[in-house]
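Structural description and commentary
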Amino acid sequence: MSQLFSEADREESSAGKMGTTETMDTGAKSPEPRIRAKDVSFYYGSNQVLFDISMDITPGEVTAIIGPSGCGKSTFLRILNRMNDEIEGVRTTGSIRIDGEEILCHDCDVVQLRKKIGMVFQKSNPFPKSIFDNVAYGPRVHGLRDRKKLREIVEKSLKRAWLWKEVEDRLDSSAFDLSGGQQQRLCIARAMAVGPEILLMDEPASALDPTATSKIEDLIADLRDEYTIVIVTHNMQQAARVSDYTAFFYQGKLIEFGPTNMMFTKPAKKMTNDYITGRFG
């Protein structure tokens, strides 16, 4: 089970103000976290935008990160696969361990890290290539040239993204011929093609219509047993529908982190309740 609360909640929790299975002695060991963030802070130059974020995410869960615009949700997500490294003048402190291995160190193999951690962005971003070549791009970058194996990977990935039946007879067509929802599922297929264990999704349905959004949400539910998924969303209903755990960020701080059903029915913090019920944000 994930760490249920932010660091600021530990004293309150231990005092018995909140019930949580974290304190129950069941005699069973909790799973080791797939992702363990400890005291993570982030700076754009001298401007600090994340403050001492600590949270554990265990395998096979969907974790939603919610909060108002500019609160650091996407910044934190991008730290998990070192995408912020491309920005000049940024600095990250603290520790993030993926399966026990530190990823913020200088000698971390970022290429291998990004193979393990796939990323899907807010706006679908297919390459100006064919549907086939979009999905095959990652395996080719990692050295795979065998056409038969590439086709197997492309077919499997498109099937996992619920897109195969819609495109199997036009794999050589441009990815730009697909609808917005199809393009986003193509990008999910492309992320899965390199065999990641973790999928990061940054508001993957925010630009889609309700029908396409529903397909993305159903796909996330289907993938949860195979991948550890972290999704940033501004949509409260979406977070409630798709996630097992929810983290609420505000002004760069982790305000509360716990099981989604508790967060949306009995949040520990008044600020969390105010945000979820629409009083601000």
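What you see is a predicted model, and the numbers here were worked out from it, not measured in a lab. (Residues numbered from 1 in each chain as written. Predicted model: local features only at pLDDT ≥ 70, side-chain atom pairs only at ≥ 80, totals over all residues. Heavy atoms only, no water.)

1. Topic: the overall build of the protein chain
Check the secondary structure of the protein chain and you find 11 helices and 10 strands. Here the protein chain, with 281 residues, has 49% of them falling under the buried criterion. Within the protein chain, counting contacts between residues at least 6 apart in sequence, those at least 24 apart form 67% of the total. Total accessible area on the protein chain stands at roughly 13,700 Å², and carbon and sulfur atoms take up 47% of it. (Helix = DSSP H or I, 4+ residues; strand = E, 2+ residues; numbered from the N terminus. Buried < 20%, exposed > 50% of the residue type's maximum accessible area, 1.4 Å probe, protein only. Contact = heavy atoms within 4.5 Å. Areas by Shrake-Rupley, 256 points an atom, 1.4 Å probe, with all protein chains shown as cover.)

2. Observations concerning the pattern of salt bridges
Per the counting criterion, the structure on display carries 16 salt bridges. With a closest N to O distance of 3.5 Å, arginine 279 and aspartate 274 form a salt bridge. For arginine 279, a relative accessible area of 58% puts it in the exposed group. A network of salt bridges, in which partner residues are shared, links Arg34, Asp99, Lys116 and Glu197. (Salt bridge = Lys/Arg side-chain N within 4 Å of Asp/Glu carboxyl O.)

3. A look at the sheet that holds strand β8 (residues 228–232)
The sheet built from 6 strands is open, its strands ordered β6-β7-β8-β3-β9-β10 with mixed pairing. Two strands in the sheet have a free side with no partner beyond their single neighbour: β6 (117–120) and β10 (253–259). On average, each strand axis in the sheet is inclined to that of its neighbour by 15 degrees, with strand direction left out of account. Pairing analysis gives 4 bridges linking strand β3 (residues 62–66) to β8, with the strands arranged parallel. Pairing of threonine 63 across the sheet is with valine 230, part of β8. Strands in contact with helix α7 (residues 180–192) are β6 and β7 (198–202); relative to β6, the strand with the most contacts, it is inclined by about 165 degrees. In the packing of helix α8 (residues 210–223) onto the sheet, contacts are made with β3, β7 and β8, and the angle to β8 comes to roughly 150 degrees. (Pairing = 2+ DSSP bridges. Axes fitted to C-alpha atoms, helices over the stretch in contact; angles between N-to-C directions.)

4. Topic: the environment of glutamate 102
Residue position: glutamate 102 is located in strand β5 (residues 101–102). We classify glutamate 102 as partly exposed; its relative accessible area is 23%. A C-alpha to C-alpha distance of 10.0 Å links glutamate 102 and isoleucine 35, two positions 67 residues apart in sequence. Here glutamate 102 is in contact with Ser95, Ile96 and Arg97, once residues within four sequence places are set aside. A polar atom in the side chain of glutamate 102 sits 2.5 Å from the side chain of serine 95. At 3.1 Å, the side chain of glutamate 102 forms a polar contact with the backbone nitrogen of leucine 104. (Polar contact = N/O pair within 3.5 Å; in protein donor to acceptor, adjacent residues only side chain to side chain.)

5. Some details on the pairing of strand β4 (residues 90–98)
With 8 bridges joining them, strand β1 (residues 35–44) and β4 adopt antiparallel strand pairing. Within β4, the residue paired with serine 41 across the bridge is threonine 93. Pairing of β4 with β5 involves 2 bridges; the strand directions are antiparallel. Paired with isoleucine 98 across the strands is glutamate 101, a residue of β5. The turn linking β4 back onto β5 is made up of 2 residues, and aspartate 99 within it adopts a positive phi angle of 50 degrees.

6. A closer look at the sheet that holds strand β2 (residues 47–57)
Spatial strand order, β2-β1-β4-β5: 4 strands in an open sheet with antiparallel pairing. In this open sheet, the two strands that pair with only one neighbour each are β2 and β5. Pairing of β1 with β2 involves 7 bridges; the strand directions are antiparallel. Of the residues in β2, the one forming a bridge with valine 40 is isoleucine 53.

7. Some points on the confidence of the model for the protein chain
On average, residues of the protein chain score 88 in pLDDT, and 89% of them are at 70 or above. Low pLDDT, under 50, characterises residues 1–28; the predicted model gives this stretch 46 contacts beyond four residues in sequence or across chains. (pLDDT = per-residue confidence, 0-100.)

8. Topic: helix α5 (residues 147–160)
The end-to-end C-alpha distance of α5 is 20 Å, a good match for the 20 Å that 14 residues give at a rise of 1.5 Å each. Those residues of α5 that fall on the buried side of the exposure criterion are Leu150, Val154, Ser157, Leu158 and Arg160. Relative to the axis of α5, the buried residues are bounded by an arc of 155 degrees and lie together on one face. Exposed side chains of α5 directed beyond 90 degrees from the buried face belong to Lys148 and Lys156. On its buried face, α5 sits against α4 (131–141), α6 (164–167), α7 and α8. One side-chain oxygen at the N-terminal end of α5 lies 3.0 Å from the backbone nitrogen of lysine 148; it belongs to aspartate 146. At the C-terminal side of α5, tryptophan 162 shows a positive phi close to 60 degrees. (Expected span 1.5 Å × (residues − 1). Arc of directions from axis to C-beta.)

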